[in-house]
Amino acid sequence: MAANPASRWGLRVLGLGYLTMLLLIPLVMIFYKTFEEGIGPPLDAITSPDGLHALKLSVLMVAIAVPLNTIFGVGCALLLVRHKSKLNPVIDAVINLPFAVSPVVIGLSLYILYGSGGWFAFIGEEGFKILFAVPGMVLASIFVSLPFVVRETVPVLQEIGTDQEQAASTLGANGWQAFWKITLPSIRWGVAYGVVLTTARVLGEFGAVTIVSGSINGQTQTLPLFVEKQYANFNSTGAYGASLVLALLALITLFAMNLLKRKEDA
Amino acid sequence: MEAHPANLPAPTASRAGLRLPGIGTGVGNGMVVLYLSIIVLLPLAAVASEAFTGGIGHFWEQVTSPLAVKSLKLTLVCSLIVVVINGFFGTILAWLLVRDRFPGKSIINAVIDLPFALPTIVASLILLTLYGADSPLGIDFAFTRTAIVVALCFVTLPFVVRAVQPLLLEMDREMEAAAASLGAGNFTIFRRIIFPNLLPGLAAGIALAFARALGEFGSVLLFAGGNPDTTVSSVFIRNQVESGNEIGAAAVSVVLLVASLLLLASVSLIQRWAIRHDRGSTDFVVAVENKDVSGGGA
């Protein structure tokens, strides 16, 4: 469609105008609002004991959920692509579930499963606290971010085929060697892309974690929960400060996504 | 799942002609099923079971309680409005990114994914700042239904763009040239040639955006709040949990769950239809499958 200049400009104004009002101005707003009263107040909020604790807890979520979902994701992708079985369509459908389910429903599901009267309530009764504690938040983080690595790895695995692995095994490599030397290097950018998405999702998760954590100051607050609590307590500077940290992480995520997409295409 | 290396001589080796570290076989399947059961299936089964603890009558009572119905209706209507808006603007943006040239295009292309990367609670906070009582633009619609729609537009923007973009990229432009040479105007070309070719992507993108909108929580929370007129279903569920009505929360959750499962199923139907009609490439399928429908920032 060789759009004439008038309609081309019309589309530009409509599309980019929408994007500006919806995305670009809000993005600039975070920076502006955070530093409205100088760098001191937001810095104080983030470096307050509760703020630092929230940051640490967010990092802990990433440190547990991301490796688990990465190992699971690569293993599961290999299984789905390389070993045809009747279970595959079922596994495939279940993996998509966390994408389809509301985060609040995910939080509620853990709340019911591990809460009093739930099927797994005995774990808490044994003294290992799951709800309103870190383990529950970890479970919620793993749940919401489960599909990314699988989804990113499957297409790459399909694309690379098995020729090189077969060559390696003819030359005497065992399965583990073929995996480390051939398979993993060929799928690394796909896996890395999945890891970036998983990390971003874990860092940003709010709904699921808020239900299972109870959002106790300095105990069960990740950064997003800290943002909400600060705002609710009328400390908007603190909320903006923590938001800025999260927004910067989001921008780094975008940058990494672009970089990895280019590597994958190359 | 942990891959068990060479200590497991994979029985599938001879069949596939390759030996991968112990994946496949009963062990691999077993571990995947175990992980998925603990993380995903058991919790969801617990919600479903909770919803029906008082029998189907009690479930129905909960789902049809005035406040539950009100929240479901509100969620449905807002989500519908949102997918119409994003279907329209998303297609325009995809067209600009593929067919147009303007300075800063690659940055715009990257920024489209921002809603996937930005935590939803942050989105809610900045939308509130921009379009709330202290709006620097003098526009204030916080805590209204408009706020719900805007928040949902924000979080679902990438879906349509990213589903339509690959189809536009690979579209054969000779068809358009042929139509133009036969005297078709721009609008006719769009309606008769471009639009039908984009339809599978548009439909899939809209279905994914719709599923995401139905369950969205964080971005709506601060901006639209939970006053009686702006309580969407996810906020309603949270309120029920807080007031101790777990059965009511579970019942509405089941409704949302079924709705999003139907939408996901429709996406895979659209994909199959598109492949059969050679209207979608594998690129398109991959692009659509990788989109995260549920909550927050990625």
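Just so we're clear, the structure is a prediction, and the values are computed from it rather than from any experiment. Sequence order as written defines the numbering, with residues in each chain counted from 1. Both sets of labels track the order of writing: A upward for chains, 1 upward for ligands. Where local features are concerned, this predicted model is filtered to residues with pLDDT of at least 70; where side-chain atom pairs are given and counted, the filter is 80 or more; whole-chain, interface and lining totals use all residues.

Chemist: Please clarify how the overall build of chain B should be interpreted in this entry.
Modeler: Counting its regular elements, chain B contains 14 helices and zero strands. Each helix is a run of DSSP H or I of at least 4 residues and each strand a run of E of at least 2, with the numbering of both proceeding from the N terminus. Going residue by residue from the N terminus, the α and β elements of chain B occur as α-α-α-α-α-α-α-α-α-α-α-α-α-α. Here chain B holds 298 residues, and the buried ones make up 54% of them. Contact between two residues is assigned when their C-beta atoms, built from the backbone, lie within 7 Å. For chain B, long-range pairs separated by at least 24 residues make up 76% of all intrachain contacts whose partners lie at least 6 apart in sequence. Here a residue counts as buried when 20 or more other C-beta atoms fall within 10 Å of its C-beta, as exposed when 12 or fewer do, and as partly exposed in between; the C-beta atoms come from the backbone.

Chemist: It is not clear to me how the overall build of chain A should be interpreted in this structure. Could you clarify?
Modeler: Tallying secondary structure elements over chain A gives 13 helices and zero strands in all. Ordered by position from N to C terminus, the α and β elements of chain A give α-α-α-α-α-α-α-α-α-α-α-α-α. Considered along the principal axes of its C-alpha atoms, chain A spans approximately 70 × 65 × 30 Å. In chain A, which comprises 266 residues, the share counted as buried stands at 53%. Residue pairs in contact within chain A that sit at least 24 positions apart in sequence constitute 76% of those at least 6 positions apart.

Chemist: Sorry if this is basic, but what is going on with the confidence of the model for chain A here?
Modeler: Interpretation of the predicted coordinates at a detailed level should be avoided for regions scoring low in pLDDT. pLDDT is a per-residue confidence score from the predictor, ranging from 0 to 100. For chain A, per-residue confidence averages 90 on the pLDDT scale, and 99% of positions sit at 70 or higher. Per-element confidence in chain A is highest for helix α7 (residues 134-145) of chain A, whose mean pLDDT is 97, and lowest for helix α2 (residues 40-46) of chain A, whose mean pLDDT is 83.

Chemist: For this particular structure, what's the right way to read the environment of Thr-70 of chain A?
Modeler: Take Thr-70 of chain A: it is sitting in helix α3 (residues 49-82). Distance in space between the C-alpha atoms of Thr-70 of chain A and Ile-46 of chain A is 30 Å, their sequence separation being 24 residues.

Chemist: What am I meant to see in the domain arrangement of chain B here?
Modeler: Interfaces are often described in size by the accessible area the parts lose on coming together. All names here are of chain B. Entries for chain B in the domain assignment read domain 1 (1-51) and domain 2 (56-289). Each partner contributes residues to the interface: domain 1 has four residues there, and domain 2 has seven residues. Residues that form the side of domain 1 that touches domain 2 fall into these classes: three nonpolar, no polar and one charged. All domain edges in this entry derive from an automatic or database-based domain assignment. When residues are sorted by character, Ala, Val, Leu, Ile, Met, Phe, Trp, Tyr, Cys and Pro go into the nonpolar class, Asp, Glu, Lys and Arg into the charged class, and all the rest, Gly among them, into the polar class.

Chemist: Help me understand the interface of chain A and chain B, please; the structure alone is not making it clear to me.
Modeler: Counting from both sides, the interface comprises 90 residues of chain A and, opposite them, 90 residues of chain B. Take the side of chain A that touches chain B: its biggest share by element is 17 residues, from helix α1 (residues 5-34) of chain A. For the side of chain A that touches chain B, the residue count by class is 61 nonpolar, 19 polar and 10 charged.

Chemist: Would you explain the confidence of the model for chain B in this entry?
Modeler: All names here are of chain B. Mean pLDDT over chain B works out to 85, with 85% of the residues at or above the 70 mark. Ranking the elements of chain B by mean pLDDT puts helix α1 (residues 13-16) last with 41 and helix α4 (residues 66-99) first with 96. Note on residues 1-19: pLDDT is under 50 here. Beyond four places in sequence and across chains, it has 50 contacts. Confidence drops under pLDDT 50 across residues 292-298; counting only partners more than four residues distant or on other chains, this segment forms 54 contacts.

Chemist: Sorry if this is basic, but what is going on with the nonpolar core here?
Modeler: The nonpolar side chains of a soluble globular protein tend to be buried with one another. Counting residues in each nonpolar core, the largest one holds 175 residues, and the members touching the most others are Leu-108, Ala-140 and Phe-143 of chain A together with Leu-127 and Ala-151 of chain B. Looking at this core, you find at least three residues from each of domain 1 (1-51) and domain 2 (56-289) of chain B. Contacts of Ala-140 of chain A, omitting those with residues within four sequence positions, involve Ile-106, Gly-107, Leu-110, Glu-205, Ala-208, Val-209 and Val-212 of chain A. As used here, a nonpolar core is made of buried Ala, Val, Leu, Ile, Met, Phe, Trp, Tyr and Cys residues. They are joined through C-beta atoms within 7 Å.

Chemist: Would you explain the packing of α3 of chain A against α7 of chain A in this entry?
Modeler: In a packed pair of helices, the relevant descriptors are the angle between the two axes and the axis-to-axis distance. All names here are of chain A. To obtain each axis, a line is fitted to C-alpha atoms, and for helices this fit is confined to the stretch in contact; angles are then taken between N-to-C directions over 0 to 180 degrees. Axis separation between α3 and α7 bottoms out at 9 Å; the angle between their running directions is 45 degrees. By the angle between their axes, α3 is oblique relative to α7. In this structure, α3 meets α7 at a crossing whose hand is right-handed. Residues Met-61, Ile-64, Ala-65, Leu-68 and Asn-69 of α3 pack against Met-137, Val-138, Ser-141, Ile-142 and Ser-145 of α7. Looking at the contact of α3 with α7 residue by residue, the class counts come to seven nonpolar, three polar and no charged. In what follows, roughly perpendicular refers to angles from 65 to 115 degrees, roughly parallel to angles under 35, roughly antiparallel to angles over 145, and oblique to any angle outside these ranges. Left-handed describes a crossing whose near helix is turned anticlockwise from the far helix by less than a right angle; the clockwise case is right-handed.

Chemist: Would you mind showing me how to read helix α7 (residues 120-131) of chain B here?
Modeler: Residue pairs spaced three or four apart in an α-helix point in one direction, given the helix's 3.6 residues per turn. Here α7 of chain B contains 12 residues, and its C-alpha end-to-end distance of 16 Å stays within 8% of the 16 Å for a straight helix at 1.5 Å per residue. Where α7 of chain B is concerned, the buried positions are Thr-120, Ile-121, Val-122, Ala-123, Ser-124, Leu-125, Ile-126, Leu-127, Leu-128, Thr-129, Leu-130 and Tyr-131 of chain B. Multiplying one less than the number of residues by 1.5 Å gives the expected span of a helix.

Chemist: Would you mind going over the environment of Gly-218 of chain B with me for this structure?
Modeler: Residue and element names in this part refer to chain B. Inspection of the secondary structure puts Gly-218 in helix α11 (residues 218-224). Using a count of 31 C-beta atoms within 10 Å as the deciding quantity, one classes Gly-218 as buried. Considered as a pair, Gly-218 and Pro-119 are 99 residues apart in the sequence and their alpha carbons are 8.2 Å apart.

Chemist: How do you make sense of unusual backbone geometry when you look at a structure like this?
Modeler: With the exception of glycine, the majority of residues adopt a negative phi angle, and the majority of peptide bonds are in the trans configuration. Positive phi outside glycine occurs at Phe-132 of chain A, with the angle close to 55 degrees. Turning to its location among the elements, Phe-132 of chain A is positioned in the loop between α6 (121-125) and α7. You will see that Phe-143 of chain B, though not glycine, has its phi angle at about 60 degrees, which is positive. Within the secondary structure, Phe-143 of chain B is located in the loop between α7 and α8 (145-170). With 19 C-beta atoms counted inside 10 Å, the residue Phe-143 of chain B sits in the partly exposed group.

Chemist: Can you walk me through α8 of chain B in this structure?
Modeler: Residue and element names in this part refer to chain B. For α8, built from 26 residues, the straight-helix expectation of 38 Å at 1.5 Å per residue is met to within 8% by its first-to-last C-alpha distance of 39 Å. Maximum bend of α8: about 45 degrees, positioned at Thr-156, with proline Pro-158 one to four residues after it. For α8, a buried count of 21 out of 26 residues is recorded, marking the element as mostly surrounded by other parts of the structure. Think of it this way: the bend at a residue is just the angle between two axes, each fitted to seven residues, one set ending at that residue and the other starting at it.

Chemist: Quick question: what am I supposed to make of the packing of α8 of chain B against helix α10 (residues 186-215) of chain B here?
Modeler: Residue and element names in this part refer to chain B. Two elements in contact, α8 and α10, have axes separated by 8 Å at closest approach and are oriented at 160 degrees. On the basis of the axis angle, α8 is roughly antiparallel to α10. Handedness of the crossing formed by α8 with α10: right-handed. Here Leu-152, Val-155, Thr-156, Phe-159, Val-160, Ala-163, Val-164, Leu-167 and Leu-168 of α8 lie close against α10, whose contacting residues are Asn-197, Leu-198, Gly-201, Leu-202, Ala-204, Gly-205, Ile-206, Leu-208, Ala-209, Arg-212 and Ala-213. Residue composition of the contact of α8 with α10, grouped by class: 15 nonpolar, four polar and one charged.

Chemist: Would you mind going over the environment of Ser-181 of chain B with me for this structure?
Modeler: Residues and elements named next belong to chain B. Considering the arrangement of structural elements, one finds Ser-181 in helix α9 (residues 173-181). When the 8 C-beta atoms within 10 Å are taken as the criterion, Ser-181 is described as exposed. Note: C-alpha distance between Ser-181 and Leu-263 (82 residues apart in sequence) is 40 Å.

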